[in-house]
Amino acid sequence: MRHLLTTILLTLGASFLLSACSNENTDQKNTQKDQSKKSVEVPKNPLKEAYFGNLHIHTSWSFDGFTNGSVTEPDDAYRWAKGEAIPGGGDGTPLKIKVPLDWYAVSEHAEYMGVFKKMEDPNSPFSKLPIAKRITSDDQAEATQAFAEVLDEMNKGIPQDELNDTELAQSLWQEIIKIGDKHNEPGKFTTFSAFEWTSAPNNRNLHRVVLFANNENIPQLPYSVFDSPKPEDLWKYMENARKNGATLLAVPHNGNASDGMMFEMVDSDDQPITKAYSESRMRNEPLYEITQIKGTSEAHPDLSPNDEFAGFEIWDYTLSAITERPKNRKGSYLREAYKDGLKLEKKGAGNPFKYGVIGDSDTHNSASSIEEDNYTGKFGMENDPKHRLNGIPGSPDPLNQQIREFSSGGLAGIWAESNTREALFEAMMRKETFATSGTRLKVRFFGSFEYSKELMEDNNWVKMAYEKGVPMGGDLSAAASNKSPIFAVHAIKEANGANLDRIQIIKGWVDQSGKTQEKIYNIALSDGRTVDASGNAPAVGNTVDASKATYTNDIGDTELKALWTDPEFDANLHAFYYVRVLEIPTPRWSTYDAKKLGIEPRKDLPTSIQERGWSSPIWYTPTSK
Amino acid sequence: MKRIIQEPLIHFLLSGVIIFCIYSWSANETDKHRKIIIDDAQLAHLSGIWELQWKRPPSQKELQKLIEEYVEQEVYYREALNMNLDHDDEVIKRRLSQKMRFLSNTFSTLADPPTDERLKAYLRENEEQYQRPPTYSFLQVPFTYDHHSNPEEVANKLLQQHKTSKQEDHLVHTGDPLFIPKEFVAADTIQINKTMGGAIVTSLSDAPLGQWFGPIQSGLGYHLIYIKEKTPATLPDFHDIRNQLERDYVYDTEKMGRKMIYEKFKENYDIIITSDQYQELLGDISLQHTAQ
């Protein structure tokens, strides 16, 4: 019986797709033409705007999204990002973002996408069935009648042998691409086609989201872990797609759950990193997701004991279904990888870890869930504060604890000339991106040997900063002797968010003896605070009332800026610099949830957090002697 | 990456082999003659999938590997079926139920194709949703807590001093440095809210044109504002939003179609509840379908 029903549905599906198909090609071409026409019309700001969005989004079309209670689909995801309310599953509360996003990309797991028999084959016997013509009839009465008959026939049974004659997969992938296109409006809201390659050898996370700049020459099937669990093979697939005219990049994430494998100093076959490896890795994956629901992997207190802010939303687990703690810190956190990258580069092996950063979500329920006071969880079942906080009924407590330790989603900020696929993708490739833990604070970061001390006093300083220097993601190399690099940094709070506490510059380098070092500079402080002789700053304070889940902007600043010269610069040493902006403390999602449930916030979770932003670094490379 | 070899899956498969050995002793004679046939069609299928990914046919070596993988999967799959490992497997149940929903999706769009006529009716029913938001061209002068303990008062004073002036450039050079545009040109309310937050958007709607007013509180501070031009919300022409209408119409129709298909399927079943506890649990259990 099951087969019979499937056959009928497939029959109809085939005929529908067929009829759609004849128009499809021309439709697609038209859309593309329209878009390119429109993208010319979209005004550009050469000094760039920050566009916020997410590219790591699952829905029920990812199998684990479905099994964990998501009731939404890619179409819902895009609607959510644009501000519509969508079904939430869980306790039934709809999902709705407070302030819409600028761009979004659904990136389902590739692993179970190619599940269906190909239905668009013009030779398919399905298309010949008379019922197919009737059901797609323009005459509504006729169509409805046919529809009813089919439903009826399902119950009687119909021969189904044809099913096994059709070949190949009509994958969900094509459908995902189409849905994304429907929601792409250049200048207003941008979408991308994307999928996730889900490799996790022995539950060590090596996942990558693969994102396409546009749908021209896009491969007809994504690449999955069933094809290969090695990142090098994914890059081969990407190179091949590029050779065939596609434009794409990959974004790895959750080094924290990789137990040292994400930024290992060897390749997948345990061979030393070569220059070719580094170049291939960087050509294919310019960005790293530094924060998401499964925690932040910027820095770990064990690796950076002098960083008082390193222990932010650490999610210290592997992907094992049975709670398992990773053992290797090294190779799991980005700051350490930045340092290791310099070391490799110094050795002549290239820098395989020269990543720009974004923040992202990894939601499996369409909504990236970035707002701390509007957190709805990672999976559909978590769309219920009781489940998030007290645990999923029937689920063991260690697993529930993992859910409680989930962070809210992060955001990717992209500095681009316009909100179009082309402009956003180019900015991602040149790493002119920043990450936030979900807040929409904006951070500018420029470096140069040539900036004047008065640069930032001019209203037009951004223009001059571009002209005489490089933005985040850029490179500096040796200038005239005795000059130190100068950095211009500016941060402004999210319009409806919390004030800013401070701006920090984090510097890493390889010293004369070949050892890696890091140092954190507090370069701008709110409320007129100053650093002491050793560079430390007094804490900003904390206005959070945990029992009421409130805070006030009585402390902190609306914006902060600084022009900073590296006081310890050595022109012979490889170095990187990146910016971290901290907000004043605000309630964690779990504190808002406790308030909602009328219970005390849990003692085993922080009641408040300092949300933050991270810029992509600017690297300094000495000119070879 | 030797850990790949340590995959629990491998361990699982090894235990599977052991079970298989035990099982094969007890299996009857005919089972040993089952066939896995690689015919032209199967080969074309395997290399077709490959081509979808790589845009070229597989090499001989690659094809060989694809066949090996296929055979391996098929062997395990059939052995698993033989051992009834598919029975009551929650993952398989969910997978098939998900597949059925996917098919229903395709199916449900067939019922009411989006003709112009239907889309026009749809637009009439949902006019509000398609209104283009109002736009404003205005100047803003900010006053923030970063520079004053009471920015509202500072702004108010300045406004009083210039009360008589109708010239926009009188105030525009005052205020605090703040890294947002001094001038917005035909910006829509969504954009203005993203940049400034607070009460800005609601204050703009009934504010006067061509004169300074305020201070208005945004998420960033207080502002004196001079509106040069405003365009009210407008309903775009049908043809300009036809694509959008079609997208939304199909989305809504699919939802309804899915619901209908589920109801139809459900009619095939008698749902019989024999549980004694059912009455107790009634408050928590819903037999309503969850398809959205």
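Bear in mind the structure is a predicted one, so any value in this text is a computation, not a measurement.

**Comments concerning the overall build of chain B**
Looking only at helices and strands, chain B features 10 helices and four strands. Out of the 292 residues belonging to chain B, those deemed buried represent 20%. When contacts within chain B are restricted to residue pairs at least 6 apart in sequence, long-range pairs at least 24 apart make up 67% of them.

**Here we look at the domain arrangement of chain A**
Size of an interface: often given as the accessible area lost when the parts come together. All names here are of chain A. Split by domain assignment, chain A resolves into domain 1 (4-24 + 44-294 + 311-392) and domain 2 (439-621). Listed by partner, the interface residues are 24 residues for domain 1 and 30 residues for domain 2. Those elements that provide at least two residues to the side of domain 1 that touches domain 2 are β1 (49-57), α9 (334-347), β9 (356-359) and α10 (385-390). With eight residues, α9 is the single largest residue contributor to the side of domain 1 that touches domain 2. Among the residues forming the side of domain 1 that touches domain 2, the class breakdown is 11 nonpolar, one polar and 12 charged.

**Thoughts on the sheet that holds strand β15 (residues 486-492) of chain A**
Residues and elements named next belong to chain A. Taken in spatial order, the four strands of this open sheet run β13-β12-β15-β18, and their pairing is antiparallel. Strands with a single pairing partner mark the edges of an open sheet, and in this sheet they are β13 (470-471) and β18 (559-565). Relative to β15, strand β12 (residues 442-448) runs antiparallel, the two sharing seven bridges. Counterpart to Lys 442 in the pairing with β15 is Ile 492. Where helix α13 (residues 461-468) meets the sheet, it contacts β12, β13 and β15, and its direction lies at approximately 40° from that of β12.

**Section: the environment of A:Gly341**
Within the fold, A:Gly341 resides in helix α9. For the pair A:Gly341 and A:Ser278, spaced 63 residues apart in sequence, the C-alpha separation works out to 9.2 Å.

**A few points about unusual backbone geometry**
A cis amide bond links B:Gly214 with the next residue in sequence, B:Pro215, at an omega value of -5°. Among the structural elements, B:Pro215 can be located in strand β3 (residues 212-217). Of note in this structure, A:Asp259 is not a glycine but carries a positive phi near 55°. In this fold, A:Asp259 is placed in the loop between β6 (248-252) and α8 (275-284). Although it is not a glycine, B:Asp88 adopts a positive phi angle of roughly 55°.

**Re the packing of helix α2 (residues 40-54) of chain B against helix α3 (residues 60-82) of chain B**
Residues and elements named next belong to chain B. Here α2 crosses α3 at 115°, and the two axes come no closer than 10 Å. The hand of the α2/α3 crossing is right-handed. Across from Leu 46, Ser 47 and Trp 50 in α2, the residues of α3 making contact are Glu 62, Leu 63, Leu 66, Ile 67 and Tyr 70.

Cut-offs used in this document
Residues numbered from 1 in each chain as written. Chains lettered and ligands numbered in written order. Predicted model: local features only at pLDDT ≥ 70, side-chain atom pairs only at ≥ 80, totals over all residues. Helix = DSSP H or I, 4+ residues; strand = E, 2+ residues; numbered from the N terminus. Buried ≥ 20, exposed ≤ 12 C-beta atoms within 10 Å, placed from the backbone. Contact = placed C-beta atoms within 7 Å. Domains from an automatic or database assignment. Nonpolar A, V, L, I, M, F, W, Y, C, P; charged D, E, K, R; others polar. Pairing = 2+ DSSP bridges. Axes fitted to C-alpha atoms, helices over the stretch in contact; angles between N-to-C directions. Left-handed = near helix turned anticlockwise from the far one by under 90°.

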